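Here's the letter readout for the chains.
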Amino acid sequence: MAVGTSGGKTFIRPDGREKVTGAGRYTADLASTGMAHAAFRYADHPHARILRIDTTKARALPGVVAVVTQGDLPDVRFGGLVQDRTLFAKDVVRFEGEIVAGVAALTETAAAEAARLIEVEYEPLPVLTDFVAAMDADAPLVHSDWSSYERDEQMVADGNTISYSTIVKGDANAAMARADVVVKSRYESDASQGVPIEPRAVLAEWRGDEVTIWSSTQVPYAARSGVAQTLQIPEANVRVVVPLLGGGFGAKCDLHFEAQVAALARAARRPVRLVFSRQEEFRAIAQRREGIVMEFETGAMRDGRLVARRARLVLDKGAYCGEGGFLGQMAAMHACGPYVIEAISVESFLNYSNRQPSGSVRAPTAPQVCWGLEQHMDEVARELGLDPVELRRRTLIERGAEGPTRQVFDEIGVKQTLERAVEMIRYDRDLPEDEAIGVAVGWWPSGPAPSGAYIHLNGDGSGTIVTGAQENGSGAVMAMPTFVGEELGMEPESFTLLYQDTAAANWDMGSCGSQTTFNSGRAILAAAADVRGQLLDAAAAELEVDREDLELAEGQVRVKGSPDRSVSIADIAGAGTIHGKGSGDVPEVPAGDTGGCVGRLGSETFAAPQLITQAAHVKVDRETGVVRVLKVAAAHDSGVILNRMGADGQVTGGVVMGLGLALSEGTVFDDDGRQRNPHLLDYKLVTCSDAPEIEIDWVQIPTENAGPRGSKGVGEPPQVPTAAAIANAVAKVLGRRVRQLPMTPERVWAASAEVGS
Amino acid sequence: MTRTFTTAATVEDAIEALGSGARPIAGGTDLVVGARQGKASLPEAIVAIDRIASLGGIVEGEDGLRLGALVTHEEIVANDVVRARFTALADASAIVGSHATRAHGTIGGNVMNASPAMDTGGPLLCFDASARIRSTWGEREVPLDQLWTGPGTTAVDPRELLVGIDVPAPIPATGSSYVRLEYRRQMEIAVVGVTAVVRLDGGSIADARVAITALAPTIRRVPDAEAVLIGSDGAADGIAAAARATAAGSSPIDDVRGSAAYRAAMAEVIAGRAISAALARARGEHVEIPASSSTYAGLGGARA
Ligand SMILES: Cc1cc2nc3c(=O)[nH]c(=O)nc-3n(C[C@H](O)[C@H](O)[C@H](O)COP(=O)(O)OP(=O)(O)OC[C@H]3O[C@@H](n4cnc5c(N)ncnc54)[C@H](O)[C@@H]3O)c2cc1C
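Position labels on residues start from 1 in each chain and follow its written sequence. Note on labels: chains are lettered from A, ligands numbered from 1, in written order. In view of the model being predicted, local features appear only for residues whose pLDDT reaches at least 70, and side-chain atom pairs are presented and counted only at 80 or more, with totals across whole chains, interfaces and linings using the full set of residues. Only hydrogens and water are removed before side-chain values are computed, so all heavy atoms of the structure are retained for them.

## Some points on the overall build of chain B
Threshold: To qualify as a helix, a DSSP run of H or I must reach at least 4 residues; to qualify as a strand, a run of E must reach at least 2; elements of each kind are numbered from the N terminus. This radius of gyration counts C-alpha atoms alone. The globule rule is 2.2 Å times how many residues there are, raised to the power 0.38. A 1.4 Å probe rolled over the protein chains alone gives each residue an accessible area, and that area as a share of the maximum for its type sets the label: buried under 20%, exposed over 50%, partly exposed in between. Two residues qualify as a contact provided that any one of their heavy atoms is within 4.5 Å of a heavy atom in the partner residue. Under the convention used here, a 1.4 Å probe and the Shrake-Rupley method define accessible areas, while residue burial counts only the protein chains that appear. Neither His nor the chain termini are counted; the positive set is Lys and Arg, and the negative set is Asp and Glu. By convention, charge coordinates are those of NZ in Lys, CZ in Arg, CG in Asp, or CD in Glu.
Assigned secondary structure in chain B consists of 13 helices and 14 strands. The C-alpha radius of gyration of chain B comes to 19 Å, within 12% of the 19 Å expected for a compact globule of 304 residues. Projected onto the principal axes, the alpha-carbon positions of chain B cover approximately 60 × 45 × 40 Å. Residues classed as buried in chain B amount to 54% of the 304 residues present. Long-range contacts, defined here as pairs at least 24 residues apart, represent 62% of the contacts in chain B between residues at least 6 apart. As presented, chain B carries roughly 12500 Å² of accessible surface, and 52% of it is formed by carbon and sulfur atoms. Distance between charge centroids for chain B: 5 Å, based on 27 positive and 34 negative side chains.

Here you go:
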């Protein structure tokens, strides 16, 4: 349970004991008196017009207490950059997991039966599953009238293309023409899933006009505003509480069913609980990792200099925008990578299809594009006759270098991560002919955002930290008492946390974007500084000394150098007046020259980027295509590491998750856009036994625009270059490239058997 | 809808419950997990047989093994006689699911679930095992080659209970193995599996059995592959020919787990490995249990 270290000290995370012993309560464990159970009726066609919905038989079933369709609700569309979806289908269903109606009944069985009894008459529409063919002139439209939807002005509405983004620097065509070598590659990644161990659950209970919703969400504040918007009630009337969260990996970002369950509870006049099955967790959520088709072209000089990069990316948005409208531009930045490239022209299309919507899953778009780009970089190295590590040594960004949009970098540790990873994996050693080492580099931005926190000291000298931060299991929130304790010279155990409750703290972005320590941590430290100031003022008055002469240690405010002149923090707090609050200054997003870029959605420069090199040592069974990863060396620049054990845990988990993305995890769609493997039997996660040896090191250097104490994000980066490093190792063994992700045994076998590369 | 769940204390109780329409549940790792996944809904009446003491235990005699229906995969792997003389069966039980699956899943459930992808079937078939079946009208023996009639179906009446499996003792100088294609190191399901049993006489193969798993509607032997091996000296070209015959004798399907072309190619690769491992064991050489991970050097064993 000791899963944290700070300042060399190990601490026990506050939620550790209840999680390890099984005493902890997750949303599905909660029940309320009189509670009814929710069930959804899903679309019977992946794309169809709804002609008629008849709920008579469902309503007549004994035990049914509510049936809700979109007709019962405000006519409101929701979504991030494009507002294209209603809570229940209105007129048209666009993917297999679309919700046509919701039912609440006294038993789960009755709810399921009632959902079945709803009669829906459809007129099937042409199904569009190919997100590349979605751009053909004669492709059926997923949203025929979407130019009328509310949307961000940077979102291009063109046929099925929801966003079009470019990254443009200089004249890539001219630069390409004068390159010594030009290398072109094409890669394609399948869709995949976040697969949190806890399928989601929502419990909603109304009191008058106010609703409390317990939800397994990563983003309680986004859920709150989504409920308020779609049900047309004030945010103040919506309280979202997250019990323990059983993982998310991005799959639990965005508004997810809180509003539907609240609507059912209001109609039923009872608390209503929804608990997803594993199949629903695969099919009905609007948050999977996007498939991407990538074409790269790089022009390089003999000495390795990268003079031109052209790339064209097509991404699979699925049926709705959700929070994932930014994916196209993010992918475009990853098609550049942390390299010095003189001229760039990358274009990225984000397209609708009649498939499950995609959204942010751990470092959205980055692992797939990195997997393509870093293989492409190895192909460039081969063409140049350079070792792949040497090519990277010559081309990675460093202090003073210009990014893809001419963002100028301050101190940045990517080259050090390369050297450390290569050293840890012992890159130059001799290996048997069926083993090889591959190296890949990636990056990921930190996400500056507002946050706020309160710290109350109680009369006995204990304290409460109130934060909007969301704990997803990483321990980021659990480390907060330690940081506060360090600021205030108190024991971490003196503090309890009041968190993931929208009624308690002010807005927070939630557990997404590797930003909990970066933003929420900053706010909590600012609140601690406020408390510290108040304690110093009180003690200075009491001891009649200057504030500057005081220090906080061992639960005392004491005079530096004469520790017997002190006043205990408990005594000061006894007056009941010590309440700190803080937000801290949000670090700036660096400027760039984005004049030539279309579709600017916030990813055009990277604030406090996290840099990663991973090296993978693999063994390939050429006859079967089975790949085993023996070791991964991970070297990261995530700034100053505040909790080494927690940070290492993120890398360990991220590497193992990356292994799944690399080798086995892919959602397979049929010709109708239905998932063929929506269960853990055939959606193959990596098991503990498949985990390689993982060696980790941190390049800790000062960073411009960093988070608290010089930190950057930690959670998403480990996922970024893992599949890429494995791919480069596999290609070294085979002498051929596997051009589709995941690199399943069959695909590796096919690549190994094929002639040429 | 009413569901009944009763627990039988004796075989007689169980048979009586079966007679009135109940389905037996042993470890539940097929029945319950299948229902959760929506394969088939849970039966309305269930009788738990897991507490019937007489259905447990492995008896090793001169004439062979008697496995109680409730013997778990974990018990099979731990049994020294199974490991030494019925090694292919140990290979199979050792790779069923995960530790938890092996601790709960029974041989009876494995056999009666009649999946063409289940792992112990190939070894049992090649060892000429038979199922002991009991009902209110008596006891009968069903050789395993007559037990499975199709995917998920058996020649056993729903009112009958499998009480045990008898495996005759092999003749000395016999080596056996079961090898499965494994994408992951745990929690796999057979996409391709091959059992090989060979008996050496002098330098040549006096008898051979080859069976395929997940490569046909039921687990079955491949006589053509066996014929290639019998009388040969066990050299590489003979093994390769038998492996080709194994692939030729299979009728693989196309699904999310693999294309028919890949499965056919893997049938040959895995057959070659299974036959080689069986031969090595017949010669007294050491091959790790499970053979799946050790037949490709280093893939499953210790990490680098
Ligand atoms: C995660 C997981 C992984 C798995 N991996 C594998 C694997 O790698 N290889 C493999 O082969 N299997 C695997 N299985 C399937 C299963 O675990 C095995 O088949 C196991 O041996 C079944 O035994 P059980 O006692 O749990 O069967 P149960 O589920 O109890 O029963 C299975 C069927 O047999 C019937 N039955 C059980 N006992 C008798 C009896 N004595 N007489 C008549 N009928 C009976 C039941 O009515 C039911 O129809 C896996 C299952 C899971 C959940």
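## Observations concerning the overall build of chain A
A tally of helices and strands in chain A yields 17 helices and 29 strands. Relative to its length of 757 residues, chain A is compact, with a C-alpha radius of gyration of 27 Å against a globular reference of 27 Å. Overall, chain A is about 80 × 75 × 50 Å in size when its C-alpha atoms are taken along their principal axes. Buried residues in chain A amount to 64% of all 757 residues. A fraction of 79% describes how many contacts in chain A between residues 6 or more apart in sequence connect residues 24 or more apart. Carbon together with sulfur atoms contributes 48% to the accessible area of chain A, which is approximately 25800 Å² in total. If you average the places of the 74 positive and of the 102 negative side-chain charges in chain A, the two averages end up 3 Å apart.

## Here's the deal with the site of the ligand
Residues and elements named next belong to chain B. Cut-off, in case you're wondering: The cutoff for a nearby residue is simple: one of its non-hydrogen atoms must lie within 4 Å of the molecule or strand. Here a polar contact is recorded for every N or O atom pair within 3.5 Å, except that within protein the pair must consist of a potential hydrogen donor and a potential acceptor, and residues adjacent in sequence are included only if both atoms are side-chain atoms. Throughout this entry, Asp, Glu, Lys and Arg are counted as charged residues, while Ala, Val, Leu, Ile, Met, Phe, Trp, Tyr, Cys and Pro are counted as nonpolar. The remaining residues, Gly among them, count as polar.
Around the ligand, 30 residues are found, and the nearest of them are P24, T29, D30, T106 and D119. Take R23: an N or O atom from its side chain is 2.8 Å from an oxygen atom of the ligand. Relative to its unbound accessible area of 980 Å², the ligand is 89% covered by the protein chains. Those elements that provide at least two residues to the shell around the ligand are β2 (23–25), α2 (31–36), α7 (107–113) and β10 (161–168). With four residues, the single largest contributor to the shell around the ligand is α7. Split by residue class, the shell around the ligand holds 14 nonpolar, eleven polar and five charged.

## Structural notes on the interface of chain B and chain A
Quick reminder of the rule: As a working definition, buried area equals the accessible area (1.4 Å probe) given up by two parts on being put together, with both sides summed. Any Lys or Arg side-chain nitrogen located within 4 Å of an Asp or Glu carboxyl oxygen qualifies as a salt bridge.
Of the residues lining the interface, 29 residues belong to chain B; the matching set on chain A comes to 29 residues. A buried area of about 2700 Å², summed over both sides, lies between chain B and chain A, and 54% of it is on carbon and sulfur atoms. Looking at the side of chain B facing chain A, the largest losses of area belong to B:R184, B:R185 and B:V256, adding up to 24% of the total buried there. Inspection of the region where chain B meets chain A yields four salt bridges. Put simply, A:K684 and B:E188 hold a salt bridge, and the shortest N to O gap is 3.2 Å. Where chain B meets chain A, there are twelve residue pairs in polar contact (both at pLDDT 80 or more). Partitioning the side of chain B that touches chain A into residue classes produces 16 nonpolar, five polar and eight charged.

## Notes on the domain arrangement of chain B
Residue and element names in this part refer to chain B. Rules: Throughout the structure description, domain borders are defined by an automatic or database domain assignment.
Taken domain by domain, chain B holds domain 1 (4–48), domain 2 (53–168) and domain 3 (174–296). Taking only C-alpha atoms into account, the centre of domain 1 sits 18 Å from that of domain 2. Facing the eleven residues of domain 1 at the interface are 17 residues of domain 2. When domain 1 packs against domain 2, the two sides together hide about 1000 Å² of surface, and 68% of this comes from carbon and sulfur. Considering only the surface of domain 1 that becomes buried against domain 2, V11, I15 and L18 emerge as the three largest contributors, covering 46% of it. If you look at where domain 1 meets domain 2, you find one salt bridge. Notably, a salt bridge pairs E12 with R134, separated by 3.7 Å at the nearest N-O pair.

## Topic: the domain arrangement of chain A
Residue and element names in this part refer to chain A. One can read the domain layout of chain A as domain 1 (31–125 + 197–247 + 253–283), domain 2 (292–447 + 591–752) and domain 3 (449–582). Taking the mean C-alpha position of each, domain 1 and domain 2 sit 36 Å from one another. Between domain 1 and domain 2, the residue contacts involve 20 residues of the former and 23 residues of the latter. When the two sides are added together, the surface that domain 1 and domain 2 hide from each other amounts to roughly 1900 Å², 58% of it contributed by carbon and sulfur. Sorting the residues of domain 1 by area buried against domain 2 places L81, E96 and F282 first, and these three jointly supply 31% of that buried surface. The tally of links from domain 1 across to domain 2 stands at zero salt bridges. The tally of links from domain 1 across to domain 2 stands at twelve residue pairs in polar contact (both at pLDDT 80 or more). With four residues, helix α7 (residues 278–283) is the largest single contributor of residues to the side of domain 1 that touches domain 2. Of the residues contributing to the side of domain 1 that touches domain 2, the split by class is six nonpolar, five polar and nine charged.

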